[in-house]
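Next come the chains, spelled out residue by residue.
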Amino acid sequence: MLSEWFWWDRLWLPRPVRWADLEDSEGCVYARVSHLYVTLPVAILLLGLRALYESAVNGFWLTAGEGITLCAFTAFPSFNRLIAVPLAEALGVRDKNRKRASHNPVLEEYYKTHSKHPIQADVKGVCKKLGWSERQVERWFRIRRNQDRPAVLKKFKEASWRFAFYLCSSFGGVLALYDKPWFYDLREVWAGFPKQSLLDSQYWYYIIEMSFYSSLLFSVAADVKRKDFKEQLVHHWATLTLLSFSWCANYIRIGTLVMLVHDTSDVLLESAKMFNYAGWETICNSIFVVFALVFMVTRLIIFPFWLIHCTWVYPLDQFEPFFGYYFFNVMLVVLLLLHVFWASLILRMVKKFLFGNLKGDERSDEEENEEGSEEDYTHTYSNGSGNGLSNGH
């Protein structure tokens, strides 16, 4: 009963088209929900390829869901250091030798169970318990926070993997679309809709893109968390929902155009991040300027004024609005709102760039200045019985 209601023709298709009208026939193949089942194994395959690409250890493990541990791929030692690590070495990417905070049970318990950024009142309380100065406690927390921050090499490997994918997907998208009439005339997107046969190039473009975003959701627990972590999750879910719906409702032509517009600027973003992590400031800043321009043009001009206009206005020349029409456009607007959010971050970085204060990614959690050596605050504190206990012992 629920399945019949969910797949009700009037939810997904314009009048008077019915699902029965979209049966495969000779020379005409339509998208099917069952086609999307392959995205799960392809997503796992992409995780395996990523493990090989990034490998500097003998395995790639991640946590997916609540307590479910998934082994995406186990790389053999002979495959280690295949691409990302040699590329990082060639560009001069090096991890800093970070100081480790001295072992202190009191501070460690507070750090893990209360807060990584203690308020002043708590700092004073800890000082009384340990016999430390406020400056020593604050420095311990700075070093401890830096200790947990992701290494530069890890960030570089993630960025280079995304760069490689977006570069390939952009070229693939151009190859799939350059000879199609709807690439040049958006009204052709709706010619014959929804009775539009599925092309092989559209099939693989969709499957690989959906598998990639699924793999990002699977690896989210292991990836570097940035300030826009929640927005990234919303983006991935909105993208997968949008692609899944557009596939089932045969909005495939406009779907491929949306994917291409998004991938284009992502290539530049990830390459700029790679050079930033490598310390190539001039090249990084130059690519960032180009990225900012491409982002504004593709995400804030082409996307709303060409593509959303195409999905909002042109269909009404052929059929009356239906649930799928409204749902698809609402999801596009959700993506547009995320673009506006990211555009604000980009403009903030442009402002810093113009005034010479741009340092790294605005979304990243920057490493803190430790202000001195750890030896300055390696103290001895006493327990209730008066026995002297040295930190770390």
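In this text the structure is predicted, and so the values were computed from the model without any measurement.

Parameters at a glance
Residues numbered from 1 in each chain as written. Predicted model: local features only at pLDDT ≥ 70, side-chain atom pairs only at ≥ 80, totals over all residues. Heavy atoms only, no water. Helix = DSSP H or I, 4+ residues; strand = E, 2+ residues; numbered from the N terminus. Contact = heavy atoms within 4.5 Å. Areas by Shrake-Rupley, 256 points an atom, 1.4 Å probe, with all protein chains shown as cover. Axes fitted to C-alpha atoms, helices over the stretch in contact; angles between N-to-C directions. Parallel < 35°, antiparallel > 145°, perpendicular 65-115°, else oblique. Left-handed = near helix turned anticlockwise from the far one by under 90°. Buried < 20%, exposed > 50% of the residue type's maximum accessible area, 1.4 Å probe, protein only. Polar contact = N/O pair within 3.5 Å; in protein donor to acceptor, adjacent residues only side chain to side chain. Nonpolar A, V, L, I, M, F, W, Y, C, P; charged D, E, K, R; others polar. Core = buried A, V, L, I, M, F, W, Y, C linked by side-chain atoms within 4.5 Å. Phe/Tyr/Trp six-rings, centres within 6.5 Å; stacked < 30°, edge-to-face > 60°. Lys NZ or Arg CZ within 6 Å of the ring centre and 35° of its normal. Patch = residues over 30% accessible without salt bridge, like charges linked within 9 Å, V, L, I, M, F, W, Y side chains within 5 Å. Salt bridge = Lys/Arg side-chain N within 4 Å of Asp/Glu carboxyl O. pLDDT = per-residue confidence, 0-100.

Undergrad: Residue-level account of the overall build of the protein, with values.
TA: When you go through the protein residue by residue, the secondary structure sums to 13 helices and 4 strands. Excluding contacts between residues fewer than 6 apart, the proportion of contacts in the protein whose partners are at least 24 apart in sequence is 76%. For the protein, the accessible surface area stands at approximately 20500 Å², while carbon and sulfur atoms represent 62% of it.

Undergrad: Can you tell me about the packing of helix H6 (residues 120–130) against helix H7 (residues 134–148), naming the residues and giving the values?
TA: The contact between H6 and H7 brings their axes to 9 Å, and the two run at 110 degrees. With respect to each other, H6 and H7 are oriented roughly perpendicular. Considering the relative orientation of H6 and H7, their crossing is right-handed. Contact residues: H6 offers Gln120, Val123, Lys124, Val126 and Cys127, while H7 offers Glu134, Val137 and Glu138.

Undergrad: Any details on the environment of Ser271? Residues and values, ideally.
TA: Mapped onto the secondary structure, Ser271 falls in helix H11 (residues 252–278). A relative accessible area of 9% means that Ser271 is categorised as buried. For Ser271, the contacting residues outside a window of four places in its chain are Phe163 and Ile287.

Undergrad: Can you break down the side chain of Ser160 residue by residue, with the values?
TA: Note on placement: Ser160 falls in helix H8 (residues 152–177). Classification of Ser160 by relative accessible area gives buried; the value is 0%. Among the polar contacts listed, one links the side chain of Ser160 to the backbone oxygen of Lys157, at a separation of 3.0 Å.

Undergrad: Kindly report on the packing of helix H3 (residues 39–54) against helix H9 (residues 200–218), identifying the contributing residues and their values.
TA: Look at H3 against H9: their axes get within 8 Å of each other, and the N-to-C directions meet at 65 degrees. Between H3 and H9 lies a crossing whose hand is right-handed. Taken together, the residues of H9 that come into contact with H3 (itself represented by Thr39, Leu40, Val42, Ala43, Leu46 and Leu47) are Ile207, Ile208, Met210, Ser211, Phe212, Ser214, Ser215 and Phe218. Classifying every residue of the contact of H3 with H9 by side-chain character gives 10 nonpolar, 4 polar and no charged.

Undergrad: Describe the nonpolar core, listing the residues and the values that go with them.
TA: One finds Val189, Phe212, Tyr251, Ile254, Leu257, Phe303 and Leu307 to be the most contacted residues of the largest nonpolar core, which totals 72 residues. Looking at this core, the elements that each hand over two or more residues are helix H2 (9–12), H3, H8, H9, helix H10 (229–248), H11, helix H12 (281–312) and helix H13 (323–354). When residues in this core are grouped by element, the largest group, 12 residues, is from H13. Contacts of Tyr251, omitting those with residues within four sequence positions, involve Trp190, Phe193, Tyr206, Ser246, Phe322, Gly324, Tyr325 and Phe328.

Undergrad: Describe the packing of aromatic side chains, and please don't skip the residues or the numbers.
TA: Applying the stated criterion across every chain yields a total of 36 aromatic pairs. Between Phe291 and Phe295 the ring centres are 5.7 Å apart and the planes differ by 55 degrees, which places this aromatic pair in the tilted class. Of the two residues, Phe291 and Phe295 both sit in helix H12, 4 residues apart, roughly one turn of that helix. Geometry around Tyr314 places Arg187 over its ring, the cationic atom sitting 4.1 Å from the centre.

Undergrad: Go over a nonpolar patch on the surface with me, naming the residues and quoting the values.
TA: On the surface, Val174, Leu175, Tyr178, Phe183 and Tyr184 cluster together into a nonpolar patch covering about 540 Å² of accessible area. Structurally, Leu175 can be placed in helix H8. We classify Leu175 as exposed; its relative accessible area is 61%.

Undergrad: Hey, could you go over the side chain of Ser219 for me, with residue numbers and the actual values?
TA: In this structure, Ser219 sits in the loop between H9 and H10. On the accessibility criterion, Ser219 (0% relative accessible area) is buried.

Undergrad: How would you sum up the confidence of the model for the protein? Please name residues and give values.
TA: For the protein, the mean per-residue pLDDT works out to 81, and 83% of the residues sit at or above 70. Counted against residues more than four places away or in other chains, residues 56–80, with its pLDDT under 50, gives 45 contacts. In the predicted structure, residues 372–393 sits below a pLDDT of 50 and forms 42 contacts with residues beyond four places in sequence or in another chain.

Undergrad: Please set out unusual backbone geometry residue by residue, giving values where relevant.
TA: A cis geometry characterises the amide bond from Arg15 onward to Pro16, with omega recorded as 0 degrees. With respect to the helices and strands, the residue Pro16 is situated in the loop between H2 and H3. Note that the residue after Phe193, namely Pro194, is joined by a cis bond; omega there is 0 degrees. Considering the arrangement of structural elements, one finds Pro194 in the loop between H8 and H9. One non-glycine residue, Asn250, lies in the positive phi region at around 65 degrees. Among the secondary structure elements, Asn250 is positioned in the loop between H10 and H11.

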